[in-house]
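Coordinate analysis (summary)
Spelled out, the chains give:
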Amino acid sequence: MTEFSMRNGSPVAPGEPLPPPEVLPPDARVDLARERADSHADEVLDALDAELIGLVPVKTRIREIAALLLIDRVRGRFGIDSGRPNLHMCFTGSPGTGKTTVAVRLAELLHRLGYIRKGHLVSVTRDDLVGQYVGHTAPKTKEVLKRAMGGVLFIDEAYYLYRAENERDYGQEAIEILLQVMENNRDDLVVVLAGYKDRMDSFFSSNPGMSSRIAHHIDFPDYATDELEAIGRLMTAREGYRLSDEAEPVFRSYLERRREQPRFANARSVRNALERARLRHASRLLAAGGEVTRDDLTTLRPEDFLASRVFET
Ligand SMILES: Nc1ncnc2c1ncn2[C@@H]1O[C@H](COP(=O)(O)OP(=O)(O)OP(=O)(O)O)[C@@H](O)[C@H]1O
Ligand SMILES: [Mg+2]
């Protein structure tokens, strides 16, 4: 179980949730721009745009949800009660496509818009929810739910909760508890189920109760090579490195080869490749000895990538 919060080490200053609205007379007028600025939601949305390459449909949906919550809030000020929208979601996509990163941002956004009290994210898998023995599952699941209240509960590879081949699997117990909480504590907990699309689809067809509680299905497509390259550029810049002109095409060809190989994990593989390039860069500088310039310290060269096993085949 991992807990994330944009409150620690985040480039975005922590926002305070909006105070509860006072009721306005029917002929009042509300300045939407002001309302929007007061929520500081745009800071999160802009950071999402700037820090994540691509993912346009994902970003669009998140903006739509932000708009809905803002308008709902203004409606509330006129005493129009539409009930809290259901915001449980399903994020489908391959490993390393940004699901966890977006969910952490989403948690902060929902907090700023007054939807959840705390805005943290608790990320779990089956093992955090389901026990090995009879009677262990309910307390485990409830403990996780307690920690997640006021925030987002992110269940990675959620389909492992359900084992079709075993009717008495304890996962079923965890699912039942989740279903209840998703219905009854909607105003204080958002559940995000994540995993591969095909497996999630079959999970939903065996668990229609779960399917009907999910309001938003958001798909995270695999990145194109251009996007992986842009992600790499963003990561190197953020860490105070750059690619030399000769290293650019080598890095691209690294990505083209890597994506065809086993266990390719999109942006996470880019991150790992750059970490190994940093190791080689450091060893190369030390082995050369002598003096170094600022440029030496910041420039990744072709050999920092070419030594990779990816180029062996
Ligand atoms: N579009 C993107 N632009 C820049 N960086 C990205 C993008 N997508 C992912 N990353 C980075 O890649 C890494 C992996 O992303 P993340 O953990 O969010 O993926 P995930 O979909 O949750 O993967 P998994 O299913 O393996 O948990 C993170 O360091 C994240 O910042
Ligand atoms: Mg993840």
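Residues numbered from 1 in each chain as written. Chains lettered and ligands numbered in written order. Predicted model: local features only at pLDDT ≥ 70, side-chain atom pairs only at ≥ 80, totals over all residues. Heavy atoms only, no water.

**Side note on the packing of helix α3 (residues 56-77) against helix α4 (residues 99-112)**
α4 packs onto α3 with a crossing angle of 15° between their chain directions and a minimal axis gap of 11 Å. Relative to α4, the element α3 lies roughly parallel. As α3 packs across α4, the resulting crossing turns out to be right-handed. Across the interface between the two elements, V58, I62, I65, A66 and L69 of α3 pack against V102, L106, L109 and L110 of α4. Tallied by class, the residues present in the contact of α3 with α4 amount to 9 nonpolar, no polar and no charged. (Axes fitted to C-alpha atoms, helices over the stretch in contact; angles between N-to-C directions. Helix = DSSP H or I, 4+ residues; strand = E, 2+ residues; numbered from the N terminus. Parallel < 35°, antiparallel > 145°, perpendicular 65-115°, else oblique. Left-handed = near helix turned anticlockwise from the far one by under 90°. Contact = heavy atoms within 4.5 Å. Nonpolar A, V, L, I, M, F, W, Y, C, P; charged D, E, K, R; others polar.)

**Examining the environment of N184**
When you line up the elements, N184 lands in helix α7 (residues 171-184). Relative accessible area serves as the criterion here: at 56%, N184 is assigned to the exposed category. (Buried < 20%, exposed > 50% of the residue type's maximum accessible area, 1.4 Å probe, protein only.)

**Quick word on the site of ligand 1**
Near ligand 1 there are 18 residues, and of these I53, G96, T100, T101 and R268 occur at the shortest range. Side-chain polar atom of T101 to an oxygen atom of ligand 1: 2.5 Å apart, as the coordinates give it. Y223 places a side-chain nitrogen or oxygen 2.8 Å from a nitrogen atom of ligand 1. Its free accessible area being 630 Å², ligand 1 has 86% of it covered by the protein chains. Going through the elements one at a time, α4, α10 (225-238) and α12 (266-288) are the ones with two or more residues in the shell around ligand 1. The residue inventory of the shell around ligand 1, partitioned by class, reads 8 nonpolar, 5 polar and 5 charged. (Near = heavy atom within 4 Å. Polar contact = N/O pair within 3.5 Å; in protein donor to acceptor, adjacent residues only side chain to side chain. Areas by Shrake-Rupley, 256 points an atom, 1.4 Å probe, with all protein chains shown as cover.)

**Some thoughts on α4**
Spacing of three or four residues puts side chains on the same side of an α-helix, whose turn is 3.6 residues. With 14 residues, α4 extends 20 Å from end C-alpha to end C-alpha; this agrees with the ideal 20 Å at 1.5 Å per step. When you tally the buried positions in α4, you get 12 out of 14 residues, the bulk of the element. The set of residues buried in α4 consists of K99, V102, A103, V104, R105, L106, A107, E108, L109, L110, H111 and R112. Immediately downstream of α4, the backbone of G114 shows phi near 80°, a positive value. (Expected span 1.5 Å × (residues − 1).)

**Notes on the sheet that holds strand β4 (residues 152-156)**
Pairing is mixed across the open sheet formed by 6 strands, whose spatial order is β1-β3-β4-β5-β2-β6. Only two strands of the sheet have a single neighbouring strand rather than two, namely β1 (2-4) and β6 (216-220). Sheet twist, expressed as the average angle between the axes of neighbouring strands with direction ignored, equals 20°. Relative to β6, strand β2 (residues 89-93) runs parallel, the two sharing 5 bridges. In the sheet register, C90 faces β6, and the bridge partner there is H217. (Pairing = 2+ DSSP bridges.)

**Some points on the UniProt feature "domain: AAA+ ATPase" (unreviewed entry) in the protein**
The residues that UniProt annotates with the feature "domain: AAA+ ATPase" (unreviewed entry) are residues 85-224. Annotation note: span residues 85-224, helix share 43%, strand share 18%, distance between end C-alpha atoms 34 Å. (UniProt positions renumbered as here; feature names shortened; annotations may be inferred.)

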